[in-house]
Amino acid sequence: DISAYSERGRAYALKGWYAQAFYDLDTAIRMKPDDGLSYRYRADAYYQAKEYKMAWADLKNAKLFGQAVSDELMEDYQNKALGIKSKKSSLVPFF
């Protein structure tokens, strides 16, 4: 079940268990490549793991597949991916 992989991946990421999180979130996305929520969870996991380019790519996919993503959050992820200091670094990921 896609939601089980997605939610468990999110839970692993919250604990900082990124390898397990990426395994489950990758599985959810392979099962349903247009699942915006799984992309959003994986984007936030990548962000927390300081993998900013991967986080930005997944956040764009999350938005493409229907997740509400603010322009401010998108800009923060983009700036981190490009190594640009953000004006506001207090944004909190979706978790």
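Here is what the cut-offs are and how they apply
- Residues numbered from 1 in each chain as written.
- Predicted model: local features only at pLDDT ≥ 70, side-chain atom pairs only at ≥ 80, totals over all residues.
- Heavy atoms only, no water.
- Helix = DSSP H or I, 4+ residues; strand = E, 2+ residues; numbered from the N terminus.
- Expected span 1.5 Å × (residues − 1).
- Buried < 20%, exposed > 50% of the residue type's maximum accessible area, 1.4 Å probe, protein only.
- Contact = heavy atoms within 4.5 Å.
- Axes fitted to C-alpha atoms, helices over the stretch in contact; angles between N-to-C directions.
- Parallel < 35°, antiparallel > 145°, perpendicular 65-115°, else oblique.
- Left-handed = near helix turned anticlockwise from the far one by under 90°.
- Nonpolar A, V, L, I, M, F, W, Y, C, P; charged D, E, K, R; others polar.
- Core = buried A, V, L, I, M, F, W, Y, C linked by side-chain atoms within 4.5 Å.
- Arc of directions from axis to C-beta.

Moving on, we get to unusual backbone geometry. The backbone of Lys50 sits at a positive phi, close to 65°, despite the residue not being glycine. By the element assignment, Lys50 lies in the loop between α3 (36-48) and α4 (52-64).

Now for helix α2 (residues 18-31). With 14 residues, α2 extends 20 Å between its outermost C-alpha atoms, agreeing within 8% with the 20 Å of an ideal straight helix rising 1.5 Å per residue. Buried residues of α2: Ala21, Phe22, Asp24, Leu25, Thr27, Ala28 and Ile29, and no others. Elements that come into contact with the buried residues of α2 comprise α1 (2-14) and α3.

With that settled, the discussion passes to the packing of α1 against α2. Relative to each other, α1 and α2 sit at 155°, their axes nearing to 8 Å. When the axes of α1 and α2 are compared, the pair comes out roughly antiparallel. Helix-helix and strand crossings are classified by hand; for α1 and α2 the assignment is left-handed. Touching Ile2, Tyr5, Ser6, Arg8, Gly9, Arg10, Tyr12 and Ala13 of α1 are Tyr18, Gln20, Ala21, Asp24, Leu25, Thr27, Ala28 and Met31, all from α2. Split into classes, the residues belonging to the contact of α1 with α2 amount to nine nonpolar, four polar and three charged.

Counting residues in hydrophobic clusters, the biggest one holds 18 residues, and the most contacted among them are Leu59 and Tyr77. Of all elements in the fold, only α2, α3, α4 and α5 (71-82) reach the threshold of two or more residues within this core. No other element matches α3, which puts five residues into this core. Those residues in contact with Leu59 that sit more than four places away from it in its chain are Arg40, Ala43, Val69, Leu73, Met74 and Tyr77.

On to α1. In a regular helix each residue adds 1.5 Å, so 13 residues correspond to 18 Å; α1 covers 18 Å between its end C-alpha atoms and thus fits that length. All of the buried residues along α1 are Ser6, Gly9 and Ala13. Seen along its axis, α1 keeps its buried residues to an arc of 65°; they face one direction. Against the buried residues of α1 lie α2 and α3. Directly after α1, the chain includes Gly16, whose backbone phi takes a positive value near 85°.

Any functional reading would require information that these geometric values do not contain.
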